[in-house]
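These are the residues of each chain, in order.
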Amino acid sequence: MKLDKETIVSYPNQSVWSDYYNRFRGPLLNMLRRNSQSSADCEDAVEEAFHKLMHKKDYDSYGDKKPETESSWFWALYWQSRAYLSHLKSRCETHAKYVERTAKELEEDFAGRYLGEAIDSDIRTRSLMRALETLKAKQGVSPRDLEIYVNRKIHELPSKVVAEKYGITANNVDQVTWRVGCIVRKHGPRHFKAALRRERYGHVA
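Residues numbered from 1 in each chain as written. Predicted model: local features only at pLDDT ≥ 70, side-chain atom pairs only at ≥ 80, totals over all residues. Heavy atoms only, no water.

1. A closer look at helix H8 (residues 170–201)
Here is step 1 of the chain: Between its first and last C-alpha atoms H8 spans 44 Å; for 32 residues at 1.5 Å apiece the expected length is 46 Å, and the two agree.
Here is step 2 of the chain: Histidine 187 marks where H8 bends most, by close to 45°; the proline proline 189 follows one to four residues later. (Helix = DSSP H or I, 4+ residues; strand = E, 2+ residues; numbered from the N terminus. Expected span 1.5 Å × (residues − 1). Bend = angle between axes of the 7 residues up to and from the residue.)

This is how it looks when you write it as structure tokens:
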């Protein structure tokens, strides 16, 4: 696509934005797909870029680098889209690290019967993470309640300390800890077994 690098464009009005959207969306998606395997994420990134530049970003915030041509507006949209994808990736990586850390902390509850077995460490870690995500989804355990359980049973923090952290009473902490503990002990091993089978053989029990 050939972009006009010469003609000065004042801040685009609705008509110009509509024209840009129709002409730029496809090329932007093609470029973003080189940096992401998710077409849905790329589409969200382009939509968010247009929305931000059209409705949220103050023109003065560009400082001395204000887009002034068709070409510069295209690249402003591209880099805004890239920033969105980068944020998504960072958020996913942060979540993955949290899940991995929490899963390892719950290893004894989930995989107690397998602790003596020689299981590849990567397979064990992936299985624990998969089991934890499945447990939360299928047994209705919220991230907050899981964190309360980990803080009490794994980190052995006093109920009062945990209560202050989450703005609840110590009695609430004890109730949550008991409820989540029952779920983890009852369902955790089953979810880990299924996850381990999935990681080893590509299917569940």
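2. Let's talk about helix H5 (residues 121–139)
Here is step 1 of the chain: Compared with the 27 Å implied by 1.5 Å per residue over 19 residues, the 26 Å span of H5 between its first and last C-alpha is a close match.
Here is step 2 of the chain: Looking at H5, one finds that the buried residues are Ile123, Arg124, Thr125, Ser127, Leu128, Met129, Ala131, Leu132, Leu135 and Lys136.
Here is step 3 of the chain: In the segment just after H5, glycine 140 is the residue with positive phi, at about 65°. (Buried < 20%, exposed > 50% of the residue type's maximum accessible area, 1.4 Å probe, protein only.)

3. Quick notes on the packing of aromatic side chains
Here is step 1 of the chain: Applying the stated rule across the entire model yields 11 aromatic pairs.
Here is step 2 of the chain: With a centroid separation of 6.1 Å and an interplanar angle of 90°, the aromatic rings of tryptophan 17 and tyrosine 20 are classed as edge-to-face. Of this pair, tryptophan 17 and tyrosine 20 both sit in helix H1 (residues 14–32), three residues apart, roughly one helical turn.
Here is step 3 of the chain: You can call tryptophan 17 buried: its relative accessible area is 3%. (Phe/Tyr/Trp six-rings, centres within 6.5 Å; stacked < 30°, edge-to-face > 60°.)

4. Considerations on the pattern of salt bridges
Here is step 1 of the chain: Scanning all chains against the criterion turns up nine salt bridges.
Here is step 2 of the chain: A salt bridge links arginine 23 to glutamate 70; its shortest N-O distance comes to 2.4 Å. Of the two residues, arginine 23 sits in helix H1 while glutamate 70 sits in helix H3 (residues 70–105), which places them 47 residues apart along the sequence.
Here is step 3 of the chain: Judged by relative accessible area, arginine 23 falls into the partly exposed class, the value being 30%.
Here is step 4 of the chain: According to the relative accessible area criterion, glutamate 70 is buried, its value standing at 13%. (Salt bridge = Lys/Arg side-chain N within 4 Å of Asp/Glu carboxyl O.)

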